[in-house]
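Each chain is listed here by its residues.
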Amino acid sequence: MERTVGQPVNDSFLRRIRKTHSRKFSTVVEVKDEQASQVCSFRTAENNPINHNTDHIARLYTVPIDIQRQIFQNGGLPGKFMKQVTTFQECSIMVRQPAIEIISYLNQVDYTRPVNKYVLYGKFGVGKSLTLCHILHYAFAQKYVLVHIYWAAHWFKDMKEVATSVLSPGCMDLPIDAGLWLKHFKFQNSKLLSELDLKVSKDYVWNQREMTSQGTSILELVEFGMNRIKYACGVIDALIKELKLASIAGKCKTMVVIDGFNAFTSSHTRIRNDNKVMVLPKQVSLAIPFFDITKNDWCNGAIVVTVDQTANKDRRESHLPRYLLGKEGFEHLDPFIPVLIEDYNIAEFDSMIEYYKDRKWIRNITSSGQRELELITNRNPFVLMDQCKFL
Amino acid sequence: MLSFRLRFKASLPQNLSKILKLFATRSNILETNSNESEQFRVLDLYPQTKVMQEKRKTRKTSIPPSRATNMPTDQDWPSVWPGARTFHPASVPLPLRQGYQEKGASPNKYANAELMKIPNFLHLTPPAIQRHCEALKQFCTKWPTVLENEEICSKHFPIEIISSDYCYSSPTIRDPLARIVNLQVKLSSLYLDTHAKDKLLRLLGNKYNPETDIITITADRCPLRKQNLEYAWYLLMAVYHESWRVESWEAEKSIADMEYFDWDTSQSRTSLVTLYTWPIPPTDYDYEIIPHATEYKIAVSDLINNGEDQYSVNKYKEAVKNLLNLKCDNKE
């Protein structure tokens, strides 16, 4: 309440204002009241995704700031949503039906059987990536080792550097991207990996002088890859193999989360080899281990991927999974469980509007204004977020 | 005159030379302009205005009012307009208008080239057609009693020949388009096995319409209709027998050449059996022992053969869920 506008000239004037109009001008008290009254309607206090179930659908939960820093430090949240997170000073994700569905599958599945694959699909902007973030948070809370690619198409579209591979002849390396991914991996899993204390099962020889001998910890292997990014792709290959072996042996659980998986099955990349010929994703040494880990020849884990129209250049007409994956991609993932993500339903839309009101992101919206917003956005989450910027 | 003469005498001696001179010059002028009268020429500064021509008087001819005005309403129209003919305003008692004017209504029917350009069907009124038919009836034979409906007709006469006749008034009655012959036959009326049907469809290409199941062979390369008809018969026969023939290279057909998705030879079956027997590699790809495998097989085949849509994807999802023994108990 105490406004410190300590201008000596206006002092007497301000005092007068405070006496007469202070209640009208203050905002702090009102906000607290609103939050207290609406906390049950659109928010859930249950911030641990392990406990999320159908009762929490269409409500927002907040990812604790330390976990957000740990999982999404190097990317993971979509760019525009990240801006909103910064503005709102909290990372609130809506609990939605597809995420709850997958979480329930993950809870009931038999982990001695080969891994199951879940493919999220839906039109542009319906929240595939955010559902993936929710599942990633769940997996983090369940102490899975996270193998997370936050946007696979980056590697084939905005790659940093291309080099001919030494370790796997005939392939192309993306050393800097591989190094960045290792950094991301380490950020997400450093605590868990130091707890689990996984060891390398065999010797990996990088060159005449450098090698990673049997019994070295996985974290050291990752560190090596980060320091010697020339071998980062090879390190990722070794790391994925080790993770698979460790999962099969039951030492750890692994969650593979890839956003825009159909970039791997695209027939177009911007990577060129020495002869200026386009290189397909399966000839990129960085992509090969992820092809390997998305096979169902290991257990104690799960694979959650999304397919997105914007992830590949050649197939964009439909959002359905078989079309986006193409023949080879479908055969690679098959059998998988396709999970459709749709636009908000009425309850979700209302709670999102309430949330925006609560964050003072939109103000003074009438019920007809809300109806108009519903109609012009068609309850599409991304369009809603975009349209509410101006309100 | 007398005085002049006197004066002339008096001054003769002085003026003689002048007079001589004057005569000399005068004779010169006379030589040059011998045909002009002895008037001064007039300088026309303003040319005279032309005399307005009189307007030609229009000849008045007495035209009787057009026949259309005094036609009775119950007249026999087919006898007024018995055959195909260019539009004539006086014969058609209809207030027709055709064409476009910048301002005002469309031009009326008199002296209207637009109405004359378009073909009319004034000779093909229902009563006229009925009369034609009545007149032609005596030349027709009776419809076979067995061929009651369309189905029986198409069963006994599966082949349909379509060609067009053209009649119009021009120096020649031949139309080049009349030579074109279409032969239509239903694919289901041909006797074919799986191989022959597949091969026939590949040979026919776009001449087969899968929606109506009709093969259409069009022949237009010969100058006469009869030749084209024979050629169409020949083509149908050739394509039918060719589709029954099995060539040696047909054994090389691979999965990419398949006209439909066959789950039994697909990667999907292999991966299913491998998944089921994991971690032991499968010895034989027998899927019968796997629970819900048949449902899955049907779902995958439908997804790929019938095209992907929301329904087929949901069906596939349910099949995979049953296969993996997963339950979704939280559907709204």
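Residue numbers here run from 1 along each chain, matching the order of that chain's written sequence. Labels are handed out in written order, letters beginning with A for the chains and numbers beginning with 1 for the ligands. Given that the model is predicted, a residue must reach a pLDDT of at least 70 before its local features are reported, and side-chain atom pairs must reach 80 or more before they are shown or counted; all residues, however, enter totals for whole chains, interfaces and linings. Based on all heavy atoms of the structure, the side-chain values leave hydrogens and waters out of the count.

Going by an unreviewed UniProt entry, chain B carries the name 28S ribosomal protein S35, mitochondrial and comes from Camponotus floridanus.

Under an unreviewed UniProt entry, the name given to chain A is Small ribosomal subunit protein mS29, and the organism recorded is Camponotus floridanus. The Subcellular location (unreviewed entry) comment attached to chain A in UniProt states, word for word, "Mitochondrion". UniProt positions are given in the numbering used here, feature names are shortened, and annotations may be inferred rather than shown by experiment.

(A) The overall build of chain A, seen in detail. On a plain count of helices and strands, chain A comes out with 15 helices and eleven strands. Excluding contacts between residues fewer than 6 apart, the proportion of contacts in chain A whose partners are at least 24 apart in sequence is 72%. Comment: elements are numbered from the N terminus, with helices defined as DSSP H or I runs of at least four residues and strands as E runs of at least two. Note on definitions: a residue-residue contact is assigned when non-hydrogen atoms from the two residues lie within 4.5 Å.

(B) Structural context of the overall build of chain B. Counting secondary structure elements, chain B contains ten helices and four strands. Counting every position in chain B, which comprises 332 residues, the buried fraction comes to 24%. Relative to all contacts within chain B whose residues are 6 or more apart in sequence, the contacts with residues 24 or more apart total 52%. Surface accessibility of chain B: about 26,600 Å² in total, with carbon and sulfur atoms responsible for 58%. For each residue, the accessible area found with a 1.4 Å probe, counting protein chains only, is set against the maximum for its type, and the residue is called buried under 20%, exposed over 50%, and partly exposed in between. Only the protein chains shown count as cover for residues, and all accessible areas are computed by the Shrake-Rupley method using a 1.4 Å probe.

(C) Focus on the interface of chain A and chain B. Facing the 35 residues of chain A at the interface are 28 residues of chain B. Between chain A and chain B, the buried area comes to about 2,700 Å², and carbon and sulfur atoms account for 57% of it. A carboxyl oxygen of Asp or Glu within 4 Å of a side-chain nitrogen of Lys or Arg is what we treat as a salt bridge. One can count one salt bridge joining chain A with chain B. Here Lys317 of chain B and Glu101 of chain A are joined by a salt bridge, their closest N and O atoms 2.8 Å apart. Whenever two N or O atoms come within 3.5 Å, that pair is a polar contact, provided that in protein one can donate a hydrogen and the other can accept it, and provided that, for residues adjacent in sequence, both atoms are side-chain atoms. Where chain A packs against chain B, one counts twelve residue pairs in polar contact (both at pLDDT 80 or more). Elements with a minimum of two residues in the side of chain A that touches chain B: α5 (97-108), β3 (116-121), α12 (321-333) and β11 (337-340) of chain A. A 1.4 Å probe defines the accessible area here, and the buried area is the portion of it lost by two parts on being joined, summed over both.

(D) Seen up close, the layout of surface pockets. Residue and element names in this part refer to chain A. Within this scheme a cavity is a closed region of a 1 Å grid, computed over the protein atoms alone, that accommodates a 1.4 Å probe without allowing it to escape, whereas a pocket is open but has protein on both sides within 12 Å along at least five of seven lines; lining residues each have an atom within 4 Å of a point. Grid points are joined across faces, edges and corners, and a volume is the space filled by probe spheres set on the points. Of the pockets and cavities examined, the largest pocket occupies roughly 730 Å³. Lining the largest pocket are 35 residues; nearest its centre among them are Pro78, Gly127, Ser129, Leu130 and Phe382. Put simply, the parts of the chain that give the lining of the largest pocket at least two residues each are α4 (79-88), β2 (91-95), α6 (128-141), α13 (346-358) and α15 (381-387). The dominant element in the lining of the largest pocket, judged by the number of residues it contributes, is α6, at five residues.

(E) View of the side chain of Ser266 of chain B. Residues and elements named next belong to chain B. With respect to the helices, strands and loops of the structure, Ser266 is situated in the loop between α7 (225-244) and α8 (267-277). The buried category is assigned to Ser266, whose relative accessible area is 8%. Separated by 2.8 Å, the side chain of Ser266 and the backbone oxygen of Trp263 make a polar contact. A polar contact of 3.3 Å, which involves the side chain of Ser266, links it to the backbone nitrogen of Ser268.

(F) Inspection of the sheet that holds strand β10 (residues 301-306) of chain A at higher detail. A pair of strands is labelled paired if DSSP reports no fewer than 2 bridges between them. One open sheet holds the five strands; their spatial order is β4-β9-β10-β3-β11 (chain A), and the pairing between them is parallel. Pairing within the sheet leaves two strands with one partner each, and these edge strands are β4 (145-149) and β11 of chain A. Strand-to-strand, the axes of this sheet are offset by a mean angle of 15°, without reference to chain direction. Judged from the four bridges that link them, β3 of chain A and β11 of chain A form a sheet pairing that is parallel. Residue pairing across strands places Leu120 of chain A opposite Val339 of chain A, the latter belonging to β11 of chain A. Whenever a helix is involved, its axis is fitted only over the stretch in contact; in every case the axis is a line through C-alpha atoms, and angles between N-to-C directions fall within 0 to 180 degrees. Against the sheet, α6 of chain A contacts β3, β4, β9 (254-258) and β10 of chain A, and its axis sits at roughly 165° relative to β9 of chain A. Packed onto the sheet, helix α10 (residues 310-324) of chain B meets β3 and β11 of chain A and runs at close to 130° relative to β11 of chain A.

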